[in-house]
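Chain and residue survey
Chain residues, written in single-letter form:
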Amino acid sequence: MQAEPPWMQGERAARALRHELGLGIAPVDIWEVLRRRDVYVALHDFGEAGGDGLYLWRGSEAGGVPLIVVNSAKRPSRQRFTAAHELGHHELHRFEAADVLIADEEVGATDGDEREVAANAFAAYLMVPTEDLRESVRAFGGSPSPVGLVGLMRRYGLSYQALAYRLRNTDLITQKTLDRLLADGEGQIDRLMRSQGFAEDAIFPAPVGVPELLSLGAMTLFKQHVITETRLAELLGMTVERALTTVRDAGMDRSEEPDYDAEAVRELLE
Amino acid sequence: MAVSGKDTVALPTGPGFVCLDAMVLIHFNRVGRLKVLRDWLGPRVFTANVITEQELRRGLPRHPENRAILDSEWLFPVPVDEMEDIALVASLRRRWGSKDDQDRGEAEVVALCARYGWTAIMDDEVGRKAAKEHTVPCVYMLTTVLAAASCGLITPAEAWRLHCSIERERKRAVLSAGESHRPVFMKCVEQFTRVGEKLGDRRWPEILAMKGLDDLVIWTRRNT
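Residues numbered from 1 in each chain as written. Chains lettered and ligands numbered in written order. Predicted model: local features only at pLDDT ≥ 70, side-chain atom pairs only at ≥ 80, totals over all residues. Heavy atoms only, no water.

Let us look at the packing of aromatic side chains. All told, the structure shown has eight aromatic pairs over all chains when counted by the stated rule. Consider the rings of W40(B) and W204(B), whose centres lie 6.5 Å apart with planes at 80°: the pair is edge-to-face. Linking W40(B) in helix α2 (residues 34-41) with W204(B) in the loop between α10 (182-197) and α11 (213-223), this pair joins segments that are 164 residues apart in sequence. With respect to class, W40(B) is no different from W204(B); both count as buried. The interplanar angle of 20° and the centroid separation of 4.6 Å between the aromatic rings of Y116(B) and W118(B) together place this pair among those described as stacked. The buried category is assigned to W118(B), whose relative accessible area is 0%. If you follow R94(B) out to its NZ or CZ, it ends over the ring of Y40(A), 4.7 Å from the centre. (Phe/Tyr/Trp six-rings, centres within 6.5 Å; stacked < 30°, edge-to-face > 60°. Helix = DSSP H or I, 4+ residues; strand = E, 2+ residues; numbered from the N terminus. Buried < 20%, exposed > 50% of the residue type's maximum accessible area, 1.4 Å probe, protein only. Lys NZ or Arg CZ within 6 Å of the ring centre and 35° of its normal.)

This is the structure we're talking about:
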C-alpha cells in the first residue's frame, strides 16, 4: 500500500484534533487550542531576523512536557501560523524520540522536509479548514479581491499571503488569480486593514493559558504566594478587586506578614 | 542550548554573585543610593535583560531618573536565552497569569539565578516563592541592608537611615520605617553578625546565600 503523503498526514491530524476538541469547521483561536491541548507557549523576542519558532518535547514514561516558543518579533498573523505549525509537530512528531527539538527558521520553507510539509498542512487545515474557506469564497461569488482577502485575514487571523496560497492549495483559485491577488495586494494590505477597521494583533490576541482549578484551590495558591492576584482573578473569572474581596470574605487572604521557616531560623541561630 | 544565535559569554557562577530584581534598582536609585549596590555587590552585578530593556528603558519617558540605572557600567543585564530557562520563565508566567511583559523580570531573575547559582535580591513574594521552589537563594532588600551592616560595609545607624529612606515611600518591607521597628532592626544586625561569623573571611557577600536570613528577620520582629 502506498504511504500517505506528508501533507495528508498533517491534514488528517488537524481534522482529528478539531474533532477531539469539538471545533467543527469554524475558525479557531490558536492560543485557546494550545491551552486546551496543555501545551506550554512562550513568546520570546528573537528579533525580526530570528527564527519563527521552536517545538520542544521532553518525554518520560509518565508522559512529557511540550513547549512551543514563538518569535514575538514577527507579525501577529505570522506568530499564529507558527504556533499552529509547532502544534503540528506536537501532534505528529512528539513520539519520535524521548527528547524532540525542532527549530523552525521559517515555517513556510519546507525544503522538501516531510515533517515540515506535514506540520504546514496541519497548520493550514487547523487555522483555515477547507470546508469553511469554500463557504467564504462562495460568499465572494467565487473570485476574491484584495478587499475580500483582507476580510479573510480578519476571519482566520492569518496573513494576506498565507491565505492567498491557502486558496490556491485548496484549488479554490487558479494560479493566475493567485498571482493577481499577490500583485494587487502589494503595499496595500495595511491600508485595506485600516479601512476595514481591524488590526492584526486585535484578532485572536496571544493570551496566557489558564489551567482549570477549583476556586478554593486558586485561593489557596494565592494565599501561599504561588500565583498573583491577576491570576487569581482569571481563575475565579472576575475582576482583581472582586477576587480580592472574595478571598477576604472566604478568610483566605494573605497575611500581612509572610510566614517564616522556624527550622531554618533554628539552624542559623545554633 | 542557547536559541537566540547570540554568542554565549561565559558568566561567573556561584552565590557570591547577585542578580537584582527591578525594584531593588529603582528604590536604591530613587533615594540617590544606587552606587551603594556597586560598592557592596560589585564589580559585577547582574540583572535580567528584560528589566533594563523593557521595564526601565521603555519607562524612561515617565521615569527619566532611571537613566542612571541604565548608565551604570557595573550593572550587567543578562538575557534568558537557554531553552530550559525560556521554558521555566514561560511556565512561571503561565502559572502567575502574567499579561504582556508583566512579571517577566521576576521570572527571568529566578531562571538566571537557577542557571548560574547566583543569589537573587527580590521582594516580590510570588517571585520569591518560585525562587524557593527552584532552590535559588533569595533575600529581601531589607535583608541585604542588614547583612551589609553586619559585615561592616555600612554602620548600623547608616543602614537604618538607608532602610528608612527607602521604606518611607514604599511601605512594604517586613520592618517599617517607624521608630518602633528601630530596635528590631538593630537586633537583626546583631543576629546577622553572629550568623556571619560562621562564614569567617568569606562572610560577604556569601552571607546573602545563607538559608533562612529573611526568616530570621521575621522571627526577630515577632520576638523582639
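Next up on the list: empty space enclosed by the protein. Residue and element names in this part refer to chain B. Taken as a whole and assessed by the stated rule, the structure comprises one cavity of 30 Å³ or more. Taken as a whole, the largest cavity holds about 60 Å³ of empty space. At four residues, helix α9 (residues 156-170) tops the list of elements feeding residues into the lining of the largest cavity. Here the lining of the largest cavity is composed, by residue class, of five nonpolar, one polar and three charged. (1 Å grid on protein atoms, 1.4 Å probe; cavity = no way out; pocket = protein on both sides within 12 Å on 5 of 7 lines; lining within 4 Å. Points joined across faces, edges and corners; volume = space filled by probe spheres on them. Nonpolar A, V, L, I, M, F, W, Y, C, P; charged D, E, K, R; others polar.)

Residue and element names in this part refer to chain A. Where burial is concerned, most of helix α11 (residues 229-236) is hidden: six out of the eight residues are buried. Those residues of α11 lying buried are T230, R231, L232, A233, L235 and L236. One or two steps after α11, the chain reaches G237, where phi turns positive at roughly 70°.

Taken together, the contacts link 36 residues of chain A with 39 residues of chain B. Buried area between chain A and chain B, both sides added, is near 3,400 Å², and the carbon and sulfur share of it is 62%. Counting every contact that joins chain A to chain B gives one salt bridge. The partner of E84(B) in a salt bridge is R58(A), with the nearest N and O atoms 3.7 Å apart. Of all the secondary structure elements, the ones that give two or more residues to the side of chain A that touches chain B are β1 (40-44), β2 (53-60), β3 (63-71), α11 and α13 (262-269) of chain A. Per element, the largest residue contribution to the side of chain A that touches chain B is five residues, and it comes from α13(A). The residue inventory of the side of chain A that touches chain B, partitioned by class, reads 19 nonpolar, six polar and 11 charged. (Contact = heavy atoms within 4.5 Å. Buried area = accessible area lost by both parts, 1.4 Å probe. Salt bridge = Lys/Arg side-chain N within 4 Å of Asp/Glu carboxyl O.)

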